[in-house]
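Now for the letters of each chain:
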Amino acid sequence: MDTNPILGPNKLKLGLFGLNVDRACAITTIDGVFHPEWSTIKRLARRADEAGFEALVPVARWRGFGGATNFNGACLESYTWAAGVGACTDRIGVFSTSHVPTVHPILAAKQATTIDHITGGRFALNVVCGWFAPELEMFGAPIMPHDERYVYATEWLTLVKRLWTAEEEFDHEGKYFKIQRGFHEPKPIQRPFPPVMNAGGSGVGRHFAAKHCDMIFVHVKGDHIDAARKDIAEIRELARREYQREIQVWANCYCVIADTDRAALAFRDYYVREKGDWAAADNLIKILGIQSGVIPKEMLDASKYHYIAGWGGYPLVGSAARITDELRKLSAVGLDGVLLSWARYEEGVERFIGE
């Protein structure tokens, strides 16, 4: 479909990340951080739309990580957020991020279709299997073993896609869901259905994404760019060999722009080492290490600095020329898109677009 720029021809696509949660991706106490106030969200969404960005991707969050900032504690629900930003933009792709244990597939299919119609065919769905135990406990949802989450997500997403496409009523009785005379109308504008993203990092997660999704969200470490090339190539080969499918590969990056590389590095040190909310970062690392079942805790501890700087993303830190070179490098290793965030979000967006 030519309605969604996420599937468009640009070699490296750009998106804004976390534009619905307090402080977005930076676990810091500095001034000028992002707060999820609707006037700010609308202004930034429109600015990215006008500048030619391809994607707006929210974070699915139901409670914060404590510390002085209660990082991400103030948050807007991602389906209604997507409907709102979709209605006030014209070209950019708009995601909802959905924790599958917290929403029934019939409701998810209807909400997603509604947003696809609001946006004229610019919706995309980011499927999250659920890893933050305190959030799932709020819903009374079971904390499933790691691999079991993908079994659940497979049945969930299969039902959503069937609702998006089925022309007749259907019955379903699976391991997790029972549906009688299931049906859904109208169908999404994007046919057969809107694009789907997942951030599967384990072997099971990568098979899930390769088989069922159009995009996979990967973690690229700043000191392992050559390893990323191999990793991305293996993901594409898995999708082609096992499932005869093509898949896009995206990553998140945190961005620090200054007049010089030295000034950018100094500012990052300031907002992380001097102003970082290390207590919130400790909580995040502890929960992520226990629940992810993928990333060893010692690796997470070593990455804590970058989690405070921007959710552990690839660092784009330096002058405008340096950041342009880094984006070129990420494209060269095979990424199709990057999701960007800044500690001082609005200031960073304006400088990125301007320079």
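Residues numbered from 1 in each chain as written. Predicted model: local features only at pLDDT ≥ 70, side-chain atom pairs only at ≥ 80, totals over all residues. Heavy atoms only, no water.

Engineer: Go over the overall build of the protein chain with me, naming the residues and quoting the values.
Structural biologist: From N to C terminus, the protein chain includes 13 helices and 11 strands. Compactness check: the protein chain gives a C-alpha radius of gyration of 19 Å against a globular reference of 20 Å for 355 residues, within 12% of the reference. Across its three principal directions, the C-alpha atoms of the protein chain cover 60 × 40 × 40 Å. The proportion of buried residues among the 355 residues of the protein chain is 57%. The long-range fraction of contacts in the protein chain, counting pairs at least 24 apart against all pairs at least 6 apart in sequence, stands at 76%. Taken as a whole, the protein chain presents about 14,700 Å² of accessible surface, with 52% of it coming from carbon and sulfur. Here the protein chain carries 41 positive and 44 negative side-chain charges, and the mean point of each set is 1 Å from the other. (Helix = DSSP H or I, 4+ residues; strand = E, 2+ residues; numbered from the N terminus. Rg over C-alpha atoms; globule rule 2.2 N^0.38 Å. Buried < 20%, exposed > 50% of the residue type's maximum accessible area, 1.4 Å probe, protein only. Contact = heavy atoms within 4.5 Å. Areas by Shrake-Rupley, 256 points an atom, 1.4 Å probe, with all protein chains shown as cover. Lys, Arg positive; Asp, Glu negative; His and termini not counted. Charge placed at Lys NZ, Arg CZ, Asp CG, Glu CD.)

Engineer: Describe the packing of helix H3 (residues 105–118) against helix H5 (residues 146–165), and please don't skip the residues or the numbers.
Structural biologist: Between H3 and H5, the shortest axis-to-axis distance is 9 Å and the interhelical angle comes to 50°. With respect to H5, the axis of H3 lies oblique. The handedness of the crossing between H3 and H5 is right-handed. For the pair H3 and H5, the contacting residues are Pro105, Ile106, Ala108, Ala109, Ala112 and Thr113 in the first and Trp156, Leu159, Val160, Leu163 and Trp164 in the second. Taken together, the residues of the contact of H3 with H5 break down into 10 nonpolar, 1 polar and no charged. (Axes fitted to C-alpha atoms, helices over the stretch in contact; angles between N-to-C directions. Parallel < 35°, antiparallel > 145°, perpendicular 65-115°, else oblique. Left-handed = near helix turned anticlockwise from the far one by under 90°. Nonpolar A, V, L, I, M, F, W, Y, C, P; charged D, E, K, R; others polar.)

Engineer: So what's going on with a nonpolar patch on the surface? Which residues, and what values?
Structural biologist: On the surface, Trp62, Met138 and Phe139 cluster together into a nonpolar patch covering about 290 Å² of accessible area. Relative accessible area serves as the criterion here: at 48%, methionine 138 is assigned to the partly exposed category. (Patch = residues over 30% accessible without salt bridge, like charges linked within 9 Å, V, L, I, M, F, W, Y side chains within 5 Å. Salt bridge = Lys/Arg side-chain N within 4 Å of Asp/Glu carboxyl O.)

Engineer: Break down H3 for me, citing the residues and quoting the values.
Structural biologist: Between its terminal C-alpha atoms H3 stretches 20 Å, which fits the 20 Å expected from 14 residues at 1.5 Å a residue. Every buried residue of H3 is listed here: Pro105, Ala108, Ala109, Ala112, Thr113, Ile115 and Asp116. Around the axis of H3, the buried residues are gathered within 160° of arc, so they sit on the same side. The inward-facing, buried residues of H3 contact helix H2 (78–87), strand S4 (123–128) and H5. Following H3 by one or two positions, glycine 120 adopts a phi angle in the positive range, close to 70°. (Expected span 1.5 Å × (residues − 1). Arc of directions from axis to C-beta.)

Engineer: Give me the lowdown on the environment of phenylalanine 34, citing residues and values where you can.
Structural biologist: Locating phenylalanine 34 in the fold gives a position in the loop between strand S1 (13–17) and helix H1 (38–51). Taking C-alpha positions, phenylalanine 34 is 35 Å from tryptophan 164, a pair spaced 130 residues apart along the chain.

Engineer: How would you summarise the nonpolar core if you had to cite specific residues and measurements?
Structural biologist: Where a protein is soluble and globular, its nonpolar side chains tend to be buried together. Leu56, Trp156, Leu335 and Phe352 are the most contacted members of the largest nonpolar core, which totals 76 residues. Among the elements that make up this core, the one with the highest residue count is H5 (9 residues). Excluding residues within four positions of it along the chain, tryptophan 156 makes contact with Tyr79, Ser98, Val100, Val103, His104, Pro105, Ala108, Leu125, Val127 and Phe177. Core analysis: the second largest hydrophobic core is formed by 42 residues, Ile6, Ala26, Trp131 and Ala258 among them. (Core = buried A, V, L, I, M, F, W, Y, C linked by side-chain atoms within 4.5 Å.)

Engineer: Just give me the short version of the side chain of asparagine 126, but keep the residues and values in it.
Structural biologist: For asparagine 126, the position within the fold is in strand S4. A polar side-chain atom of asparagine 126 sits 3.2 Å from a polar atom in the side chain of threonine 97. Among all residues touching asparagine 126, those that are not within four sequence positions of it are Val57, Phe95, Ser96, Thr97, Ser98, Met197 and Asn198. (Polar contact = N/O pair within 3.5 Å; in protein donor to acceptor, adjacent residues only side chain to side chain.)

The values are spatial; any link to function lies outside them.
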